[in-house]
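# Descriptive structure summary
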Amino acid sequence: MEFSLETLKQKLCDREYKLTPQRRIIMEAFTRNPEKHLSAEDVYGMVKQNNPEIGLATVYRTLDLFAELDILQKMDFGDGRSRYEFSASDVHHHHHLICLACGKVMEFEDDLLETLESAVEKKSRFRIVDHQLKFYGYCEKCGK
Ligand SMILES: [Zn+2]
Ligand SMILES: [Zn+2]
Ligand SMILES: [Zn+2]
């Protein structure tokens, strides 16, 4: 599911928040960026040139608000910086490949874990509803 500005406006409005210019600009950093695993610093780097009135603290606050409204999902890939991407609570989430050298985060779409899930369910009598998986290693560029 892709979030549009309309969705954002609605979600903000439901909680009596306004779609301020800053919030719109920060949202657009995500809709325009195909990578979409952005840290607050990444977002700040993208918006500061054209919007010098937006400070890093505003970016942090806005990202936390978007996460609270379930527009963005906050993720920790173990490099000390939280990253954000569009929340996808109603569909199964893709898996992530994290480069230990450059910090690049890639997505892996195939799931392949259904067999493992059913084996675990049978063995542990635990009903699994979701899982998360992160692969750590080196991207093509850094692995050379
Ligand atoms: Zn890399
Ligand atoms: Zn992702
Ligand atoms: Zn999966």
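Since the model is a prediction, treat every value here as computed from it, not as a measurement.

A separate point is the packing of helix α2 (residues 21–32) against helix α3 (residues 40–47). Between α2 and α3, the least distance of the axes is 10 Å, while the angle of their chain directions is 105°. Considering the angle they form, α2 stands roughly perpendicular to α3. Across the interface between the two elements, I25, I26, A29 and F30 of α2 pack against V43, M46 and V47 of α3. Of the residues contributing to the contact of α2 with α3, the split by class is seven nonpolar, no polar and no charged.

Here we come to the coordination of the zinc ion (ligand 1). Taken together, C99 (SG), C102 (SG), C139 (SG) and C142 (SG) make up the full set of protein donors to the zinc ion (ligand 1), lying 2.3 Å away. Around the zinc ion (ligand 1) sit four donor atoms, and with donor-metal-donor angles ranging over 100 to 117° the site reads as tetrahedral. C99 gets classed as buried once you look at its relative accessible area, which sits at 3%. On the basis of relative accessibility, which here comes to 45%, the residue C102 falls in the partly exposed class.

The next thing to look at is a nonpolar patch on the surface. A contiguous nonpolar patch, built from L100, Y136 and Y138 and spanning about 370 Å² of accessible area, is present on the exposed surface. On the secondary structure map, L100 appears in the loop between β4 (95–99) and β5 (105–108). Given the relative accessible area of 52%, L100 is considered exposed.

This part covers the pattern of salt bridges. If the charged atoms of two oppositely charged side chains come close together, the side chains can form a pair. Under the counting rule described, the total for this entry stands at four salt bridges. Put simply, E28 and R24 hold a salt bridge, and the shortest N to O gap is 3.3 Å. Remark: R24 and E28 occur in helix α2; sequence separation between them is four residues, near one turn of the helix. Since its relative accessible area comes to 34%, R24 is described here as partly exposed. The shortest N-O distance in the salt bridge between D79 and R83 comes to 2.7 Å.

With that settled, consider the sheet that holds strand β2 (residues 72–76). Taken in spatial order, the three strands of this open sheet run β1-β3-β2, and their pairing is antiparallel. Edge positions in the sheet fall to β1 (38–39) and β2, since each of these pairs with one other strand and no more. Running at roughly 75° to strand β3 (residues 82–86), α2 makes contact with β1, β2 and β3 of the sheet.

Moving on, we get to the coordination of the zinc ion (ligand 2). Every protein donor of the zinc ion (ligand 2) is listed here as H37 (NE2), E85 (OE), E85 (OE), H94 (NE2), H96 (NE2) and E107 (OE), and their distances to the metal cover 2.0 to 2.6 Å. Here the zinc ion (ligand 2) binds six donor atoms, and the angle range of 52 to 154° at the metal identifies the geometry as irregular. Mapping the donors of the zinc ion (ligand 2) onto the primary sequence gives the spacing H-x47-E-x8-H-x1-H-x10-E. With H37 in the loop between α2 and β1 and E85 in strand β3, the pair connects residues that are 48 residues apart, well separated along the chain.

Parameters at a glance
Residues numbered from 1 in each chain as written. Chains lettered and ligands numbered in written order. Predicted model: local features only at pLDDT ≥ 70, side-chain atom pairs only at ≥ 80, totals over all residues. Heavy atoms only, no water. Axes fitted to C-alpha atoms, helices over the stretch in contact; angles between N-to-C directions. Helix = DSSP H or I, 4+ residues; strand = E, 2+ residues; numbered from the N terminus. Parallel < 35°, antiparallel > 145°, perpendicular 65-115°, else oblique. Contact = heavy atoms within 4.5 Å. Nonpolar A, V, L, I, M, F, W, Y, C, P; charged D, E, K, R; others polar. Donors = N, O, S within 2.8 Å, 3.2 Å for Na, K, Ca; no water. Tetrahedral: all angles 85-135°; square planar, octahedral: opposite > 155°, others 65-115°. Buried < 20%, exposed > 50% of the residue type's maximum accessible area, 1.4 Å probe, protein only. Patch = residues over 30% accessible without salt bridge, like charges linked within 9 Å, V, L, I, M, F, W, Y side chains within 5 Å. Areas by Shrake-Rupley, 256 points an atom, 1.4 Å probe, with all protein chains shown as cover. Salt bridge = Lys/Arg side-chain N within 4 Å of Asp/Glu carboxyl O. Pairing = 2+ DSSP bridges.

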